[in-house]
Structures are given as C-alpha cells and as structure tokens.
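Report on the structure
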Amino acid sequence: MITRRSLISGAVGTVGASVLAVAPGGPVSATDRRWARAVSANGWRIESAAVAVYRVTGSAASVALRRGPAAAVLLHVARRWHYEIAPLDTGEGGGITGHDANRTVRVDVESNYLSGTAVAVYPTAYPLGGSEPLWPHQEAVVRDILADCGGTVAWGGDLTPTMLSHFHVVARPGDPTLAQVAARLDPGAQVAVRSQTAGAVADPAAPERLELARRFAGSR
C-alpha cells in the first residue's frame, strides 16, 4: 500500500525511508492498565468461547471475532478494506488482528478486542495516536463502509486519540438494528434485499452514498 509517508520516504532516500517506516506516530499519552471488567467498553461480555476464526472473503487472511452479527459486520469492514484500500494477506502494515486475550489496554476501546467485537486493519501502519493519515480517497471508502454498517460500527479515526486501523461494534448485544445490518451484509445470508458488498460496490462519491456517510459519521 502506498501511503503519504512511503511516498515521502522514497524521495528522501533509503535511510530516511527506514526511519519513517519504524516511526509512524508520536507517543500516546495513555497509561497501560489491566481491564478488570467482565464486559468490554462497548458492553459485550468477554468470553473466549464466543469467539471463532473467520477467513476474510477474497483473501488468505483470517481473523478471530465474536460469533454472530458482530463478526458479520466486522468481516464486511475487512472485505471492503481488502478489496478497495489495501490487501490484508501480504503482511504489509500488520495485516489484520481481532480478538486478543491480553487484558492490558492503553485506552478503553482496546478492551473491545477482548470480547471479539473489534478489528484492526494495518495496525502497525496506523497505530494508536499515529500521525500517518489516510489518502482522501481511502477515507472516502472508510466513510462509505461505515454507511454500509448503518451506525453499528465506530471507526478509530473519529476517536481521541485516533487509531485509523481500528473499528469496533458500537451497537449493544441484542440490538435489532445490528442483526438486520448483519443479515444484509453477510455474503452467506440468503436475503432478498440488494446490498452493498465488497467486489460489487456503489460509487462512494455518489450523492446518495455521501449522504449516508454524513449520517453515520462519528459513531462511537
């Protein structure tokens, strides 16, 4: 994936490229601590038995997520990132990560990985508090993905500190909207509604898509 930083590093030479590659962001003013609660910050119970490993359709990448609608919406995020922004199965940018049993967190939203309701795409390229931005067309795709998810998913680009690689389920367990969105986005679901899916997408710049993106921007 060509990022702004990689483009600059190519112009300043090999040594500069190495430095920029290993320092994508400045320090984050957050204190590491152990998450002791039985639920993650987004209200989902932390239980490893509820987590399964899924293949990201169209790629060789796999990710551990919470079974059910949470996995369906987050896999949709991953599929569209893979098809429209950058591949998830090359090892570049840290690939993709999901469920994590390590209870040490820097900010509350990182606890969502404990419940399997968060996913990070290119986490080493876009770490917590990182300064590397997305290109405008990449952010437009992300906004369109969030519109697909109908307000059920939050993006780390809208949080403080930012983490552009991060997406988590913002809907609570049992939310009927989450179930409806998941059924629409799950490529294995037999639904009569024509939906936006990776590989066969509408133009994110179309007026109706931009309006949807504006409606669901800033979900937390």
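1. Notes on the sheet that holds strand β6 (residues 118-121)
Strands belonging to one sheet form pairs held by backbone hydrogen bonds; the direction of such a pair is parallel or antiparallel. Sheet architecture is open: 4 strands sit in the order β4-β6-β8-β7, paired in antiparallel fashion. Across the chains shown, the open sheet's two edge strands, defined by having one partner strand only, are β4 (96-97) and β7 (153-155). Helix α3 (residues 69-84) contacts β4, β6, β7 and β8 (166-169) of the sheet and is inclined by roughly 155 degrees relative to β8. Against the sheet, helix α4 (residues 136-148) engages β7 and β8, with an angle of about 160 degrees to β7.

2. Topic: the nonpolar core
Counting 39 residues, the largest nonpolar core has Val 73, Trp 81, Leu 88, Ile 96 and Phe 167 as its most contacted members. When contributions to this core are tallied by element, the ones reaching two or more residues are β3 (62-66), α3, β6, α4, β7, β8 and α5 (176-185). A total of 9 residues in this core trace back to one element, the largest contributor, which is α3. Residue contacts for Leu 88: discarding those within four places in its chain leaves Val 56, Ala 61, Ala 78, Trp 81, His 82, Gly 95, Ile 96, Val 121 and Tyr 122. Counting 6 residues, the second-largest nonpolar core is a separate cluster that includes Tyr 113, Ala 118, Leu 128 and Met 163.

3. Topic: α4
Helix length check: α4, at 13 residues, gives a terminal C-alpha distance of 19 Å against a target of 18 Å (1.5 Å per residue), a fit within 8%. Those residues of α4 not exposed but buried are Gln 138, Val 141, Val 142, Arg 143, Asp 144, Ile 145, Leu 146, Ala 147 and Asp 148. Following α4 by one or two positions, Gly 150 adopts a phi angle in the positive range, close to 60 degrees.

4. Here we look at unusual backbone geometry
Backbone phi values are negative for most residues with the exception of glycine, while trans is the configuration of most peptide bonds. With an omega of -5 degrees, the peptide bond between Thr 160 and Pro 161 qualifies as cis. Of note, Pro 161 is situated in the loop between β7 and β8. Its identity as a non-glycine residue notwithstanding, Tyr 122 has a phi of 55 degrees, on the positive side. Along the polypeptide, Tyr 122 turns up in the loop between β6 and α4.

Reading the values: the criteria
Residues numbered from 1 in each chain as written. Predicted model: local features only at pLDDT ≥ 70, side-chain atom pairs only at ≥ 80, totals over all residues. Heavy atoms only, no water. Pairing = 2+ DSSP bridges. Helix = DSSP H or I, 4+ residues; strand = E, 2+ residues; numbered from the N terminus. Contact = heavy atoms within 4.5 Å. Axes fitted to C-alpha atoms, helices over the stretch in contact; angles between N-to-C directions. Core = buried A, V, L, I, M, F, W, Y, C linked by side-chain atoms within 4.5 Å. Buried < 20%, exposed > 50% of the residue type's maximum accessible area, 1.4 Å probe, protein only. Expected span 1.5 Å × (residues − 1).

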